[in-house]
Amino acid sequence: MKYESALDLEERMREMVNLLFINHIKIDRVKCLRSYGSRCRRTIARVHTLGKAMQKGMEVGAFYTIEFLEKFDKLNKEEQDKVIIHELMHIPKTFGGGFRQHDYVCDKNVELMHERFLNLKRTDF
Ligand SMILES: [Zn+2]
């Protein structure tokens, strides 16, 4: 596996966090990476975190990394936006190092969040 930082995706993520998740996602504690060479066929993106024990041991706060696999770049812009929103929705309100599960991060809620994003984007001036 090879990883590269994805500043362009971080920029897009920032806009989403500012419009949708500003109250709980700490923008400077979330990074985006592109990965190459994964044999996982179904996954487009995934979010990683540092568990509570590691945070304590390292004496650092929570941190999240969103990894985008090669397939991501083949999607159209709207599909990509939904993938980014999906991954951001896995980050819980506590921002503590855990995840929200797919009962909440489901297609229906991602669609709703994406609609909200488009609406806010239009009225953001
Ligand atoms: Zn997911």
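Residues numbered from 1 in each chain as written. Predicted model: local features only at pLDDT ≥ 70, side-chain atom pairs only at ≥ 80, totals over all residues. Heavy atoms only, no water.

Here we take up the sheet that holds strand E3 (residues 45-49). Strand order across the open sheet formed by four strands is E1-E2-E4-E3, with mixed pairing between neighbours. Two strands in the sheet have a free side with no partner beyond their single neighbour: strand E1 (2-5) and E3. Averaged over all adjacent pairs, the angle separating strand axes in this sheet is 30°, with direction ignored. Relative to strand E4 (residues 64-69), strand E2 (residues 30-36) runs parallel, the two sharing six bridges. Across the sheet, residue leucine 33 finds its bridge partner in E4, namely glutamate 67. (Pairing = 2+ DSSP bridges. Helix = DSSP H or I, 4+ residues; strand = E, 2+ residues; numbered from the N terminus. Axes fitted to C-alpha atoms, helices over the stretch in contact; angles between N-to-C directions.)

This part covers the packing of helix H1 (residues 7-21) against helix H3 (residues 77-89). The N-to-C vectors of H1 and H3 enclose an angle of 60°; their axes lie 11 Å apart at closest approach. When the interaxial angle is binned, H1 and H3 end up oblique. Seen along the crossing, H1 lies across H3 with a hand that is right-handed. For the pair H1 and H3, the contacting residues are Arg12, Met13, Met16, Val17, Leu20 and Phe21 in the first and Lys77, Gln80, Asp81, Ile84, Ile85, Leu88 and Met89 in the second. Residues that form the contact of H1 with H3 fall into these classes: nine nonpolar, one polar and three charged. (Parallel < 35°, antiparallel > 145°, perpendicular 65-115°, else oblique. Left-handed = near helix turned anticlockwise from the far one by under 90°. Contact = heavy atoms within 4.5 Å. Nonpolar A, V, L, I, M, F, W, Y, C, P; charged D, E, K, R; others polar.)

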